[in-house]
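Now for the letters of each chain:
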Amino acid sequence: MSERAAPFHCPYCGDEDLRPSEAGHGAWECHGCRRAFQLKFLGLLSPGGAHEQRD
Ligand SMILES: [Zn+2]
């Protein structure tokens, strides 16, 4: 599956100084703002592209 989902920019400050975190799978640390965050795969978009969820 998705071995690496490496972010190029910190989603919080936009810095590029990202390092893999030891906190867990998909976890990254930004050394620009010293935030730690985690990427999570949510799922695939529907073929139509639109989010249509009606219970
Ligand atoms: Zn940052």
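Below is a summary of the structure that appears in this document. (Residues numbered from 1 in each chain as written. Predicted model: local features only at pLDDT ≥ 70, side-chain atom pairs only at ≥ 80, totals over all residues. Heavy atoms only, no water.)

If you trace the three strands from one edge of the open sheet to the other, you get E1-E2-E3, paired in antiparallel fashion. Of all the strands in the sheet, the pair left with one neighbour each is strand E1 (18–20) and strand E3 (36–38). Strand-to-strand twist of the sheet, defined as the mean angle between neighbouring strand axes without regard to direction, takes the value 30°. For strand E2 (residues 27–30) and E3, the ladder comprises three bridges, and the chain directions are antiparallel. Note that in E3 the partner of Ala 27 across the bridge is Gln 38. (Pairing = 2+ DSSP bridges. Helix = DSSP H or I, 4+ residues; strand = E, 2+ residues; numbered from the N terminus. Axes fitted to C-alpha atoms, helices over the stretch in contact; angles between N-to-C directions.)

The next thing to look at is the coordination of the zinc ion. For the zinc ion, the full set of protein donor atoms is Cys 10 (SG), Cys 13 (SG), Cys 30 (SG) and Cys 33 (SG), and the range of their distances to it is 2.3 Å. One way to put it: the four donor atoms around the zinc ion meet at angles of 105 to 114°, and that makes the site tetrahedral. Within one chain, the residues serving as donors to the zinc ion are arranged as C-x2-C-x16-C-x2-C. With Cys 10 in the segment before E1 and Cys 33 in the loop between E2 and E3, the pair connects residues that are 23 residues apart, well separated along the chain. Residue Cys 10 is classed as buried on the basis of its relative accessible area, which comes to 4%. (Donors = N, O, S within 2.8 Å, 3.2 Å for Na, K, Ca; no water. Tetrahedral: all angles 85-135°; square planar, octahedral: opposite > 155°, others 65-115°. Buried < 20%, exposed > 50% of the residue type's maximum accessible area, 1.4 Å probe, protein only.)

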